[in-house]
Amino acid sequence: MNARCKEIKNVVPAKQDNYTIAVTQAFEKARMQPEASFCALGARPLGRHTYELPVLDSTFTIDMQSCDMVFRMNPSENDSCGAVGVFWRILALHYLCGAPASGAQPMQWATFSDFQDIRGYESVYKGRVIGRFCATAGRTPDTFRRAATANGGVPVPLGDMGYHFQVFPKTPLRIVYYAGDGELPPDASFLYPDNILALLPLEDVIVLAEGLVSRLQGKGWR
């Protein structure tokens, strides 16, 4: 091995920020989508490559040219506007790159276990989504009710308590809550549109549920 090869071998690659790379790639892909696709997914064009996207009780303003994304919440909130954090940036952009459903078929609800190819994801999903929800916003019916109401949740008659959340315009989620009885701890089930995998990859479905749990915990968009 000559000196030049030894020198190359000993060079340590620079550390990469995978989330920054993912955001950059998501913006690049989104810029290739037609405006009509964004509109079909519920985004509103503002001109100059900028769009508004409703997300739960807030609105994201997305500038495809400058790669800026900011949120605007109810004015009564203390943290009513600011930059959108990396996870929600990626989710919003991936959503806008999804395939809008065609036709007028009625939406059906599905649980996470109803999706194909979830092998290897079950334990992750139970811990990061169900377990975290039940240990935080879902500790009691009152904590869930308050958290759901604060995020635009609409009551639905499911389980001991159910709420419907319009996360993105075409991706509603429902949480079916079981309060437990003293011996059994609280439990929950998340319901998704059965066509959600046409809009988001399976990994993002998990992150979307995690994001909703974070919002129910009172965490911001950053």
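Residues numbered from 1 in each chain as written. Predicted model: local features only at pLDDT ≥ 70, side-chain atom pairs only at ≥ 80, totals over all residues. Heavy atoms only, no water.

1. Describing the overall build of the chain
Move 1: In terms of helices and strands, the chain carries seven helices and ten strands.
Move 2: For the chain, the residues scored as buried account for 41% of the 222 residues in total.
Move 3: Of the roughly 12,400 Å² of accessible surface on the chain, a fraction of 53% belongs to carbon and sulfur atoms. (Helix = DSSP H or I, 4+ residues; strand = E, 2+ residues; numbered from the N terminus. Buried < 20%, exposed > 50% of the residue type's maximum accessible area, 1.4 Å probe, protein only. Areas by Shrake-Rupley, 256 points an atom, 1.4 Å probe, with all protein chains shown as cover.)

2. Focus: the sheet that holds strand E9 (residues 171-178)
Strands belonging to one sheet form pairs held by backbone hydrogen bonds; the direction of such a pair is parallel or antiparallel.
Move 1: Spatially, E6-E10-E9-E8-E7 is the arrangement adopted by the five strands of the open sheet, whose pairing is antiparallel. Whereas interior strands pair on both sides, the edge strands pair on one side only; in this sheet they are strand E6 (109-111) and strand E7 (154-156). Between one strand axis and the next, the sheet turns through 35 degrees on average, direction left out of account.
Move 2: Judged from the three bridges that link them, E6 and strand E10 (residues 187-193) form a sheet pairing that is antiparallel. Within the sheet, the bridge partner assigned to tryptophan 109 lies in E10 and is proline 193.
Move 3: Packed on one face of the sheet, helix H5 (residues 122-135) meets E9 and E10 and runs near 120 degrees to E10. (Pairing = 2+ DSSP bridges. Axes fitted to C-alpha atoms, helices over the stretch in contact; angles between N-to-C directions. Contact = heavy atoms within 4.5 Å.)

3. Comments concerning unusual backbone geometry
Move 1: The backbone phi angle of histidine 49 is positive, close to 60 degrees, even though this residue is not glycine.
Move 2: Tracing the backbone through its elements, the reader meets histidine 49 in the loop between strand E1 (44-47) and strand E2 (50-55).
Move 3: Given a relative accessible area of 47%, histidine 49 falls into the partly exposed group.
Move 4: Positive phi, normally seen in glycine, also occurs at cysteine 67, with a value near 65 degrees.
Move 5: Position of cysteine 67 among the secondary structure elements: in the loop between strand E3 (58-63) and strand E4 (68-72).

4. Topic: the pattern of salt bridges
Move 1: Enumeration according to the criterion identifies five salt bridges in this entry.
Move 2: For aspartate 142, the salt bridge goes to arginine 145, with nearest N and O atoms at 2.7 Å. A residue pair is termed a helical-turn pair when its members lie 3 or 4 positions apart in one helix, as aspartate 142 and arginine 145 do in helix H6 (residues 141-150) at three residues. (Salt bridge = Lys/Arg side-chain N within 4 Å of Asp/Glu carboxyl O.)

5. Considerations on the nonpolar core
Move 1: Within the largest apolar cluster, 63 residues are counted, with the highest numbers of intra-cluster contacts made by Phe60, Trp88, Phe133, Phe144, Phe165, Phe190 and Tyr192.
Move 2: Of the residues forming this core, the biggest block, nine residues, is contributed by helix H7 (residues 202-216).
Move 3: Ignoring sequence-local partners within four residues, the contact set of phenylalanine 60 consists of Tyr51, Glu52, Leu53, Val55, Met69, Val70, Phe71, Val84, Trp88, Ala92 and Trp221. (Core = buried A, V, L, I, M, F, W, Y, C linked by side-chain atoms within 4.5 Å.)

6. What about the side chain of glutamate 210?
Move 1: Position of glutamate 210 among the secondary structure elements: in helix H7.
Move 2: On the basis of relative accessible area, glutamate 210 is assigned to the buried category, the value being 16%.
Move 3: When near neighbours in sequence (up to four residues on either side) are disregarded, glutamate 210 contacts Arg128, Val129 and Arg132.

7. A few points about the environment of glutamate 122
Move 1: Among the secondary structure elements, glutamate 122 is positioned in helix H5.
Move 2: Measuring from C-alpha to C-alpha, the distance between glutamate 122 and phenylalanine 112 comes to 8.5 Å, with ten residues separating the pair along the chain.

8. Brief notes about the sheet that holds E2
Move 1: One open sheet holds the five strands; their spatial order is E1-E2-E3-E4-E5, and the pairing between them is antiparallel. Every interior strand has two partners, whereas the edge strands, E1 and strand E5 (81-83), have only one. If you compare each strand with its neighbour and ignore which way they point, the axes differ by 25 degrees on average.
Move 2: Pairing of E2 with E3 involves six bridges; the strand directions are antiparallel. For glutamate 52, the partnering residue across the bridge sits in E3 and is threonine 61.

9. Quick notes on the packing of H5 against H7
Move 1: The geometry of H5 relative to H7 is characterised by a closest axis approach of 10 Å and an angle of 20 degrees between their N-to-C directions. Taken together, the axes of H5 and H7 are roughly parallel relative to one another. Of the two possible hands of crossing, H5 and H7 adopt the one that is left-handed. Side by side, H5 and H7 meet where Tyr125, Arg128, Val129, Arg132 and Phe133 of the first sit next to Ile206, Val207, Ala209, Glu210, Val213, Ser214 and Leu216 of the second. (Parallel < 35°, antiparallel > 145°, perpendicular 65-115°, else oblique. Left-handed = near helix turned anticlockwise from the far one by under 90°.)

Nothing here speaks to function; it is all geometry.
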